[in-house]
Amino acid sequence: MKPFIRTKVIKGNEYLYEITPFLDPDSGKWKQKTRYLGKNVNGEPVRRDKPGKPGQIFDLGQYIPAYWAVREYQISEVLLSGCSPEETNTLILLAINRLIAPCPPANLQSWMSGTYLSRLFPGALSDPDEIRHLLESVSDRPVAEIFTQMFSLINKLSDKRVLMIIQNCNAHRAGGTNECSLYADFLRHEIVLRILYDPVTKIPAGCEFFSFQRVVLDNSIQQISSGRIPGGVIVPYWDYMTPSLINQLIKSGCPFIIRPDIRYGPVSSFISSWGVQTYHPANIRYYHGQTCYIRSFNPVIDGVPIKGYILHDIRKEQSDRVTFHKNLQNIRDYISESLYEKGIFYEGLTNAAGPYEDFFKVEETGGASIRKDEVAISAAMNRFGRSGVLYTGDYSWEECFNLVDTRVELEREISRCIGLFESDYQTLRIDRIRKGMYFVAFLTTLIRQLIINRLDTARIPNVSTFEALITELTPIHVVKSYKPVIVPERLQREHKTILSFFGGLPQISG
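Report on the accompanying structure. (Residues numbered from 1 in each chain as written. Predicted model: local features only at pLDDT ≥ 70, side-chain atom pairs only at ≥ 80, totals over all residues. Heavy atoms only, no water.)

Comments concerning the overall build of the chain
Next, step 1: When you go through the chain residue by residue, the secondary structure sums to 19 helices and 20 strands.
Next, step 2: Looking at the chain as a whole, 47% of its 510 residues are labelled buried.
Next, step 3: A fraction of 63% describes how many contacts in the chain between residues 6 or more apart in sequence connect residues 24 or more apart. (Helix = DSSP H or I, 4+ residues; strand = E, 2+ residues; numbered from the N terminus. Buried < 20%, exposed > 50% of the residue type's maximum accessible area, 1.4 Å probe, protein only. Contact = heavy atoms within 4.5 Å.)

Written as structure tokens, this is what we have:
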């Protein structure tokens, strides 16, 4: 007979039991098996389990998207092509740690003991010396090259590639939206990273290491010219060497897209010549939800005509203007109030103004005083809210800006991960483990991008960013017992919706 539910009232409270009738073979009579289900709450059984003891509750929810990305894109299987199972799981856990809850290698064991990931990826190394030796081993072996070859084959990506050249430096702090790097940053880091980005699936499909910017540029041109990467396009970064190297790109005939410093001659001269026609309604476009003006132009560089676009973000220009004028006024007030002697005006201006020094002049007529350089200020304001691209090939303005912005985002994430590693190993010889650090940073960036791509397609209400996704899933834990359980036992509707896009809950075992 089929089981049925029986309600019992005990001390005024209703409790639900599952009753299963069965035939006793010895007596030949019907008997019943009773199983307690829980307290009756609105017709549903609710059972209050004993709380887990300290050390028996493991973090899980915030790691589910990363676990989904590793399984969905078979990252473990790809890594096993060049690593042992122990090395594979260690690299994956290092990447996820850097993405979700970064900690120094000395604290990695504590982190692993508090997450359920160590059971999903068993056998991973946790000793700091072993991890350092692994990073050194990855630096000496072609792990990244094998990963790059196998990832595309296993996941059946498109055959199109964008060769994005990445430099580990905080160009965003130094140059704002312009990708200008400081000399110190450029000379300090000995590796240039090239990411092979699939523009169709929007996935970083692999990475390669080079020692010099010129070498990676030569190799990228050769890869495309030889036909090994059909339909490829080069997207390099811009630094103080680029104006001399851009001629090489132009003469090679290879398609490229690059975001120049807005002060670069062919770009700044076009902006200076803008007239009223630039702000014609026909030039209005929408980029990432923001209203902007787009103008195409055709500069001639070293006698060769190429193409370009200028994007003018009105809202950003207004914000930049307000900040700029506040800083100018603060600096002028400070200098005027603090410096009275003519002999220290010049030194005081340099110390107080810093990068704003070019916007002031020392006026010596009738006594020393500070005044604003209106010509320099006007030239600076003409650049506010504007960014540009130079390119060859057949690309729309949106394709150009999306690719250069993607390159910046990937560089930002990789630089963040590298910065953490350099902080962790600042007392050691980083050059011996540098490629291993870069490869883990690439894996971290890859996993993050796969999660973001999934979020973009899922369009989950109120969960539009990576940070919001992690926050929403953090309350989900695993309680250890002979039969581990997920808490909360009854997930909220929002949790169920999110998990439906990320493979659901992982299989839990004792």
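Quick notes on the packing of aromatic side chains
Next, step 1: Counted by the stated rule, this structure contains 20 aromatic pairs.
Next, step 2: Ring centres of Y287 and W397 lie 5.8 Å apart, and the angle between their planes is 65 degrees; on these two criteria the pair is classed as edge-to-face. With Y287 in strand β11 (residues 284-287) and W397 in helix α16 (residues 397-424), this pair connects stretches of sequence that are 110 residues apart.
Next, step 3: W397 sits in the buried class, given a relative accessible area of 13%. (Phe/Tyr/Trp six-rings, centres within 6.5 Å; stacked < 30°, edge-to-face > 60°.)

Focus on the environment of F4
Next, step 1: Position of F4 among the secondary structure elements: in strand β1 (residues 4-10).
Next, step 2: The class of F4 is partly exposed, set by a relative accessible area of 33%.
Next, step 3: In sequence terms F4 and Y17 are 13 residues apart; their C-alpha atoms lie 8.4 Å from each other.
Next, step 4: Sequence-distant contacts of F4, that is, excluding residues within four places in its chain, are made with Y17, E18, I19, P21 and Q32.

Topic: the sheet that holds strand β20 (residues 485-487)
Next, step 1: Spatially, 3 strands are ordered β5-β19-β20 in an open sheet, and the strand pairing comes out antiparallel. Looking at strand neighbours, the two that pair on one side only are β5 (57-59) and β20, the edges of this open sheet. The mean inter-strand angle of the sheet, taken between neighbouring strand axes irrespective of direction, is 35 degrees.
Next, step 2: Of the strand pairs in this sheet, β5 and strand β19 (residues 477-479) are connected by 3 bridges, and their pairing is antiparallel. Looking across to β19, one finds that D59 is bridged to H477. (Pairing = 2+ DSSP bridges. Axes fitted to C-alpha atoms, helices over the stretch in contact; angles between N-to-C directions.)

Let's talk about the packing of helix α7 (residues 143-155) against helix α17 (residues 434-458)
In a pair of packed helices, the angle between the axes and the distance between the axes together describe the arrangement.
Next, step 1: Following both chains from N to C, one finds α7 and α17 inclined at 25 degrees, their axes separated by 11 Å at the closest point. In this view, α7 runs roughly parallel relative to α17, as classed from their interaxial angle. For the element pair α7 and α17, the recorded crossing hand is left-handed. Residue-level inspection shows V143, A144, F147 and F151 of α7 in contact with α17, the latter providing F439, F442, L443 and L446. (Parallel < 35°, antiparallel > 145°, perpendicular 65-115°, else oblique. Left-handed = near helix turned anticlockwise from the far one by under 90°.)

A word on helix α10 (residues 213-225)
Next, step 1: The end-to-end C-alpha separation of α10 is 18 Å, in line with the 18 Å expected for 13 residues at 1.5 Å each.
Next, step 2: Residues of α10 that are buried: Q213, V216, L217, S220, I221, Q223 and I224. Buried residues of α10 fall within an arc of 160 degrees about the axis and therefore sit on the same side.
Next, step 3: Trailing α10 by a residue or two, G227 shows a phi angle of about 90 degrees, which is positive. (Expected span 1.5 Å × (residues − 1). Arc of directions from axis to C-beta.)

Regarding the packing of helix α1 (residues 64-72) against α17
Next, step 1: Axis separation between α1 and α17 bottoms out at 9 Å; the angle between their running directions is 100 degrees. It follows that α1 is roughly perpendicular to α17 by the angle criterion. Every residue of α17 that contacts α1 at P65, A66, W68, A69 and V70 is listed here: I447, L450, I451 and R454.
Next, step 2: Split by residue class, the contact of α1 with α17 holds 8 nonpolar, no polar and 1 charged. (Nonpolar A, V, L, I, M, F, W, Y, C, P; charged D, E, K, R; others polar.)

Here's the deal with the pairing of strand β6 (residues 162-166)
Next, step 1: With 5 of its 5 residues buried, β6 lies for the most part within the structure.
Next, step 2: Covered by surrounding structure in β6 are V162, M164 and I166 together with L163 and I165, the residues of both alternating faces.
Next, step 3: The pairing of β6 with strand β7 (residues 192-198) spans 5 bridges and is antiparallel. What sits directly across from V162, in β7, is Y197.
Next, step 4: Bridge analysis of β6 against strand β9 (residues 233-235) gives 3 bridges, and the strand direction is parallel. In the sheet register, M164 faces β9, and the bridge partner there is V235.

Observations regarding the pattern of salt bridges
For side chains of opposite charge, pairing can occur when their charged atoms come near one another.
Next, step 1: Tallied over the full model, the rule gives 19 salt bridges.
Next, step 2: The partner of E413 in a salt bridge is R416, with the nearest N and O atoms 2.8 Å apart. With a gap of 3 residues between them, E413 and R416 both fall in helix α16, about one helical turn apart.
Next, step 3: Judged by its relative accessible area of 8%, E413 is buried.
Next, step 4: Of the residues examined, R416 reaches a relative accessible area of 32% and is grouped as partly exposed.
Next, step 5: Bridged by salt links that share partners, the residues E413, R416, R448 and E467 form one connected network. (Salt bridge = Lys/Arg side-chain N within 4 Å of Asp/Glu carboxyl O.)

Quick notes on the pairing of β7
Next, step 1: Buried residues dominate β7, accounting for 7 of its 7 residues.
Next, step 2: Where β7 meets strand β8 (residues 203-210), 7 bridges bridge the pair, whose relative direction is antiparallel. Directly across from Y197, in β8, lies its bridge partner P204.
Next, step 3: From the end of β7 to the start of β8, which pair antiparallel, there are 4 residues, and K202 there has a positive phi angle of about 60 degrees.

Section: the nonpolar core
Next, step 1: Counting residues in each nonpolar core, the largest one holds 102 residues, and the members touching the most others are F147, F439 and I447.
Next, step 2: If you tally residues by element for this core, the top one is α17, at 14 residues.
Next, step 3: Dropping the residues within four chain positions of it, I447 is found in contact with A66, A69, V70, I75, A95, I96 and L99.
Next, step 4: The next biggest cluster of nonpolar side chains, apart from the first, holds 31 residues, and it includes L249, I250, W274 and I301. (Core = buried A, V, L, I, M, F, W, Y, C linked by side-chain atoms within 4.5 Å.)

Some points on unusual backbone geometry
Next, step 1: A cis amide bond links V487 with the next residue in sequence, P488, at an omega value of 0 degrees.
Next, step 2: Within the secondary structure, P488 sits in the loop between β20 and α19 (493-501).
Next, step 3: If you check the backbone angles, Q74 has positive phi at about 50 degrees while not being a glycine.
Next, step 4: Turning to its location among the elements, Q74 is positioned in the loop between α1 and α2 (75-79).
Next, step 5: Phi at K156 is positive, roughly 55 degrees, even though this residue is not glycine.
Next, step 6: Of note, K156 is situated in the loop between α7 and β6.
Next, step 7: On the accessibility criterion, K156 (74% relative accessible area) is exposed.

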